[in-house]
Structures are given as structure tokens and as C-alpha cells.
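Commentary on secondary and tertiary structure
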Amino acid sequence: MEGLGRVQKLVEDLTEFSSSERREIVEEDINDLLDRALNLASNELRFKAEIVKQYGTVPKMLCDSSQLMQAFLNLLFNAVESIESKGTITLRTRTHSSMIWVDIADSGLGISDDDLGKIFNPFFTTKTLGNGSGLGLHQAQTVVESHSGRTTVMSKLGRGTTFRLMLPLDRFADMRAESLG
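To start, this report covers the structure provided alongside it. (Residues numbered from 1 in each chain as written. Predicted model: local features only at pLDDT ≥ 70, side-chain atom pairs only at ≥ 80, totals over all residues. Heavy atoms only, no water.)

Regarding the overall build of the protein chain
The condition that has to hold: Elements are defined by DSSP. Helices are runs of H or I of four residues or more, strands are runs of E of two residues or more, and each kind is numbered from the N terminus. Each residue is placed in one exposure class: buried if its accessible area under a 1.4 Å probe, protein chains only, is under 20% of its type's maximum, exposed if it is over 50%, and partly exposed if it falls in between. We call two residues contacting when some pair of their heavy atoms lies within 4.5 Å. In these tables, accessible area is a Shrake-Rupley quantity obtained with a 1.4 Å probe, and a residue counts as shielded only by the protein chains included in the view.
The number of helices and strands found in the protein chain is seven helices and seven strands. In the protein chain, the order of α-helices and β-strands from amino to carboxyl end is α-β-α-α-β-β-α-β-β-α-α-β-β-α. Looking at the protein chain as a whole, 43% of its 181 residues qualify as buried. In the protein chain, 72% of the contacts between residues at least 6 apart in sequence involve partners at least 24 apart. Total accessible area computed for the protein chain in this model is approximately 10200 Å², and 51% of it derives from carbon and sulfur atoms.

This is how it looks when you write it as C-alpha cells:
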């Protein structure tokens, strides 16, 4: 029954994700959105990574949930690909000032100093030919910027990488006022 429940939830999340071709600004709980991304990525993650959730209490925010879901998926897939055998992926959320912070940290190989300045460039990849388009991190950064946010990265070779997404809570405040009025 537990397995059937997981399959049902996965199908629901996939249906919602794939049917959201339209760009729609909705009020979203970022912790729930991260959980849905984890559910969609579960096949990739389960054999290589222990998932640690350190979610803070964060207010709902207006956002394009399908775009943010794709950004979270791209970061989760990069995290698991950086882990050679078995490691940890930690998801943290918190509110600081008027921003929601989302950290996606892995215990993988890390990123060299030479590559750190290039990782958000479109088509830049360290993967072998045919194993990556080099668009995932660029897309994630573009989504965060479309929400008037910022993306930072901290990495140490052999120790892992942390991507921090900083999303302003009031980015769509005018839309919220219109929808309430």
C-alpha cells in the first residue's frame, strides 16, 4: 500500500508538472515545491544520495511554480551526478529579511575554481560528450533571475557544492494586491 501511494503521488506530481506549459503565477509553499521536485527525482536520487531536509518555516510566495520546479530538478540532478558512489544531498530553506533562501547542497566532487566562473554559461559542461547539454545551471539561474532573485554557489573540491537561491517575497506584491482586491 505504501508503494502504491508513492506511485500515485508520483503520477500526480508528473501530471501537474507536465501540464503546466502555461506560465502561471501562483501562491506556493516552497517547501512543498521542493518535496514535489524530490518526488519527481526520486529514481535518480534513491540509490546514490541520502536526502536531508532542513526546512524552515517560510511564508508562501507568488511564483511560477513550474519554472521553479524545473530549476530545483536541474540542481538536484546535478547534485546527484556529482556524487561518485553514495553521498548526501541537503535541502535547506529559511527566510532572511524579505527573501526566501533555498540551499541545495551535496557531498559530491565539488567544482574546480577554474570552472566556477563558467558553470552558469549556456552549454558549459564538464560531462563527457552526449551526457549533458550544459543548460541546466543556466536555466536554473535564469528562472531565479526571472523571479528577481539571485543564485550563488560555494564549492570545495572533494567536499561538495552548495547552490543558494535567494527569492524575494515581495516580487509579485502588486499581483497579490490585485488578486485580493
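Some words on unusual backbone geometry
In the Ramachandran plot, Ser 97 falls in the positive-phi region, its phi being about 60 degrees despite a non-glycine side chain. With respect to the secondary-structure elements, Ser 97 resides in the loop between β4 (87-96) and β5 (99-106). Given the relative accessible area of 67%, Ser 97 is considered exposed. Even without a glycine there, the phi angle at Ser 148 is positive, about 60 degrees. Structurally, the position occupied by Ser 148 is in the loop between α6 (136-146) and β6 (150-156). A relative accessible area of 42% places Ser 148 in the partly exposed class.

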